[in-house]
Amino acid sequence: MDIQQVQSFLKHIELFKDLTEAEYISISGNAVELSLEPNEFLFRENTARKYLYLIYDGEIELLKTTPTGDEKRLAFFGRYDFLGEGGLMEDYPHSTSARAMLPVRILAIDNHEFQNLASNQPALVGKVLSRAARVISRRMRQTSTRVVNAGAQYISGRTRSEHDLLGDREVPHEYYYGIQTLRALENFNITGIPLSLYPRLVEALAIVKMAAAQANAELGLLGQPILEAISKACSEILNGKLHTQFVVDMIQGGAGTSTNMNANEVIANRALEILGYERGEYKYCHPNNHVNLSQSTNDAYPTALKIALINSNARLVSVLRELISAFRLKESSFSSMLKMGRTQLQDAVPMTLGQEFGAYATTLAEEIERLEENVKLFLEVNMGGTAIGTGINAHPDYPEIVIRHLRDISGLDLKLATNLVEATQDTGSFVMYSSALKRLAVKLSKIANDLRLLSSGPRTGFNEINLPPMQPGSSIMPGKVNPVIPEVVNQIAFRVIGNDLTVTLAAEAGQLELNVMEPVIAHCLFESIDMLSNGMSTFMHRCIVGITANEERMRGMVEWSIGLVTALVPHLGYEICTDLAREALQRNVGVYELVLEKKLMKVENLDKILAPENMIINRT
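Per-chain numbering applies: the sequence of each chain, read as written, is numbered from 1 onward. It should be noted that, the model being predicted, local features are given only for residues of pLDDT at least 70 and side-chain atom pairs only at 80 or more, the latter also being counted only at that level, while totals for whole chains, interfaces and linings use all residues. The side-chain values count all of the structure's non-hydrogen atoms but skip hydrogen atoms and water molecules.

Caption draft 1: Fine view of empty space enclosed by the protein. The way it works is a 1 Å grid over only the protein atoms, where trapped points that fit a 1.4 Å probe form a cavity and open points with protein on both sides within 12 Å along at least five of seven lines form a pocket, and then any residue with an atom within 4 Å of a point lines it. Grid points are joined across faces, edges and corners, and a volume is the space filled by probe spheres set on the points. The tally for this structure, following the rule as stated, stands at three cavities of 30 Å³ or more. Here the largest cavity is characterised by a volume of approximately 50 Å³. Forming the walls of the largest cavity are Ala441, Leu444, Val489, Ile492, Ala493, Met531, Leu532, Gly535, Met536 and Phe539. By definition, any uninterrupted DSSP run of H or I lasting at least four residues is a helix, any uninterrupted run of E lasting at least two residues is a strand, and each is numbered from the N terminus. Residue assignment for the lining of the largest cavity shows that the elements contributing at least two residues are helix H14 (428-454), helix H15 (484-508) and helix H16 (518-542). Of all the elements, H16 adds the most residues to the lining of the largest cavity, at five residues. Gly counts as polar in this scheme, as do all residues outside two lists: the nonpolar Ala, Val, Leu, Ile, Met, Phe, Trp, Tyr, Cys and Pro, and the charged Asp, Glu, Lys and Arg. Classifying every residue of the lining of the largest cavity gives nine nonpolar, one polar and no charged. When its volume is computed, the second largest cavity comes out at roughly 40 Å³. Considering the residues around the second largest cavity, the lining is formed by Pro302, Lys306, Asn382, Ala423, Thr424, Asp426, Phe430 and Glu518. Where the lining of the second largest cavity is concerned, the elements lending two or more residues are helix H10 (297-333) and helix H13 (420-425). When the residues that make up the lining of the second largest cavity are grouped by side-chain class, the tally is three nonpolar, two polar and three charged.

So this is what it looks like as structure tokens:
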């Protein structure tokens, strides 16, 4: 490119905005042109910083290698963006890698050549370094780890001006979200958990926006170019791109408006790029006028939430099935191992360890039916009701058409609520589903309690089973190994139970035509699903599959147990058996020996009746 092109280009770079014409000429003389092919690296992690890179055209992705060797995408850079400005001030290696996504042309300015300008043109260098410092400061402000992903520290420093009801704000250029999302970031630094932590919710928002665009186009309300751009942007989100731009905190005021606008702004700005415009040029594709056309937060948000919960439930049920299978395998492998059953923590009657684990499998299997039954309530949505269910600002035919497109895109048998005013304010389906999650959590916690008891000891407890050792159990007691996996399952259950109470209170807090508490309902449900899914997977892999049994210990306790006397009741009567039990305890002798001593039965009959194997009935 010629010198005039270079100078014109430099005027668009944030670092050089304060320069004079003469200074632009000086910088131009220090720039060299580089070209990259797709997948070619501009620089790699831990290599020396040598250049300030200015992207003339093409796209660069910034990535980092995780400890497991995987690549984590942090950010994308395009025309007028710059990388490596930190090297102008300090000589330290690159902390990330940069790779071309498309054919790329770059102007590179050697850091040492730039520093050499300081002696001849200190004003120029001072201006650039001042701009660089402001860019780095802005990055640090945006990189609150409580609300934004790690890629936020790699923003380029460029900004764009956006306007809303409250005035004008400068939005970092490369962010696809806009001014309303920026305000929500500032207002709702609450949990530190952004929308992006729940990818199924992000994908469901894209499904809703795509269906709405297709319905509006079918009704002649949206032009074909904008439809195609919005649909492509939504498809990219469904394919995993742009998720880091969904940054609003899960808990927020406004009944989910910030979530809805986050989606509207990201989709609009990506659609603008697809149409060939700059981000923020909303007259060509507007977050409200186009992406949110025929919608309100009050129908788009709960519809997306329900779709996301249906899809999240599928994973939860899949993990639950795997856990049940692990218990079934233990049921089979422990099927011949005798042990003493207990009620009220007292000796009851014999059983097998297999029967105990089979009961766990069966009780958890019941929860699949409960979850699948309750999640079907989410198939009814209020899309098309807009603000309060009256359908204001939506075409009369829009609700039925948008539902058809939602079905096609989501693959779910969604249906329109019969009364949209009622459906807009009703959160009963969330209450029902939350109760199913709580029921599963309660059962898991009970099983975890049992395993902690059965493995207690090893020398002063039940010691009937051995849990796989996961980590040393004490900072002061050598040799101690704790049941850490069942313990974490208990704690997950406590949190899910608490979340269920929050959902109940939030549902009750609805007023008139809307329940504004849906964000906390969403947060609780997604957190419960994720904790249960992760917890059950951990429970299975790091506990259940590795459980072993102490067969001799269990059989010895059966043969010594007073509970054997129960089998003699049909032959000797309840009163005599009560006396036998009392005397056996007082004299510390076995029931078997006592019956023979008192000549209450012949040995051959007693052997048959008191054989533990004969006291076990398998009913499945």
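Caption draft 2: The arrangement of the nonpolar core in detail. Joining through side-chain atoms within 4.5 Å is the link that ties buried Ala, Val, Leu, Ile, Met, Phe, Trp, Tyr and Cys residues into a set, and such a set is a nonpolar core. The classification of residues rests on relative accessible area computed with a 1.4 Å probe and restricted to protein chains. Under 20% of the type maximum is buried, over 50% is exposed, and intermediate values are partly exposed. With 125 residues, the main nonpolar core has Ile230, Phe327, Leu451 and Phe539 as its most contacted residues. Here this core takes 16 residues from H10, the largest share from any one element. Setting aside its immediate chain neighbours within four residues, phenylalanine 327 contacts Phe357, Tyr360, Ala361, Leu364, Ile447, Phe539 and Ile544. Formed by 25 residues, the second largest nonpolar core is a distinct cluster that contains Leu10, Leu15, Val125 and Val135. Here, two residues are considered to be in contact whenever any of their heavy atoms come within 4.5 Å of each other.

Caption draft 3: How the structure looks around the sheet that holds strand S6 (residues 82-83). Spatially, the four strands line up as an open sheet ordered S1-S8-S3-S6, and their pairing is antiparallel. If you trace the sheet from one side to the other, it starts and ends with strand S1 (31-36) and S6, each paired once. Paired strands, as defined in this entry, are two strands with at least two bridges between them according to DSSP. Pairing of strand S3 (residues 51-57) with strand S8 (residues 104-110), which is carried by six bridges, proceeds in the antiparallel orientation. In the strand pairing of S8, isoleucine 55 is matched with isoleucine 106. For helices, the fitted axis covers only the stretch in contact; all axes are lines through C-alpha atoms, and the angles between them, taken along N-to-C directions, range from 0 to 180 degrees. Along the sheet face, helix H1 (residues 3-10) touches S3 and S8 and points at about 100° away from the line of S3. Relative to S8, helix H3 (residues 111-120) is tilted by about 45°, and along the sheet it contacts S3 and S8.

Caption draft 4: Region of interest: the state of the cysteines. Pairs of cysteine sulfur atoms within 2.5 Å are identified as disulfides in what follows. Enumeration according to the criterion identifies zero disulfides in this entry. With no disulfide of its own, cysteine 285 has cysteine 234 as its nearest cysteine by sulfur position, at a separation of 9.8 Å.

Caption draft 5: Just the packing of H15 against H16, in detail. At their nearest, the axes of H15 and H16 sit 9 Å apart, and the two run at 165° to each other. As far as their axial angle goes, H16 and H15 are roughly antiparallel. Here the hand of the crossing between H15 and H16 comes out left-handed. Listed contacts from H16 to Ile485, Pro486, Val489, Ile492, Arg495, Val496, Asn499, Thr502, Val503, Ala506 and Ala507 of H15 are Val520, Ile521, Cys524, Leu525, Glu527, Ser528, Met531, Leu532, Gly535, Thr538, Phe539 and Arg542. What sets the label is the angle itself: under 35 degrees gives roughly parallel, over 145 gives roughly antiparallel, 65 to 115 gives roughly perpendicular, and the rest give oblique. Whether a crossing is left-handed or right-handed is set by the direction in which the near helix is turned from the far one by less than a right angle, anticlockwise for left-handed and clockwise for right-handed.

Caption draft 6: Representation of the pattern of salt bridges within the structure. By definition here, a salt bridge exists when the distance from a side-chain nitrogen of Lys or Arg to a carboxyl oxygen of Asp or Glu is within 4 Å. For the structure on display, the rule yields 34 salt bridges. A salt bridge links glutamate 273 to arginine 279; the shortest N-O distance between them is 2.6 Å. In this structure glutamate 273 comes out as partly exposed when scored by relative accessible area, which is 23%. One salt-bridge network, in which partners are shared between bridges, spans Glu236, Arg270, Glu273 and Arg279.

Caption draft 7: A look at the sheet that holds strand S5 (residues 71-77). Read from one edge of the open sheet, four strands run S2-S7-S4-S5, paired in antiparallel fashion. The open sheet has two edge strands with one neighbour each: strand S2 (41-43) and S5. Each adjacent strand pair in this sheet contributes to an overall mean axis angle of 30°, direction not counted. When strand S4 (residues 60-65) meets strand S7 (residues 97-100), the two strands line up antiparallel, connected through four bridges.

Caption draft 8: Spotlight on the packing of aromatic side chains. When the centres of two rings from Phe, Tyr and Trp lie within 6.5 Å, Trp using its six-membered ring, the rings pair. Their planes under 30 degrees apart give stacked, over 60 give edge-to-face, and anything left gives tilted. Summed over all chains, the structure comprises 14 aromatic pairs. Centroid distance phenylalanine 43 to tyrosine 53: 5.7 Å. Interplanar angle 25°. Geometry classified as stacked. Taken as a pair, phenylalanine 43 in strand S2 and tyrosine 53 in strand S3 lie far apart in primary sequence, 10 residues in all. In this structure an aromatic cluster arises from ring pairing among Phe327, Phe334, Phe357, Tyr360 and Phe539. Stacked on the ring of phenylalanine 41, the Lys or Arg arginine 44 has its end atom at 3.7 Å from the ring centre. A ring is considered to have a charge above it if a Lys NZ or an Arg CZ atom is located within 6 Å of its centre and within 35 degrees of its normal. If you follow arginine 279 out to its NZ or CZ, it ends over the ring of tyrosine 176, 4.0 Å from the centre.

Read these as layout, nothing more, since geometry by itself doesn't imply function.
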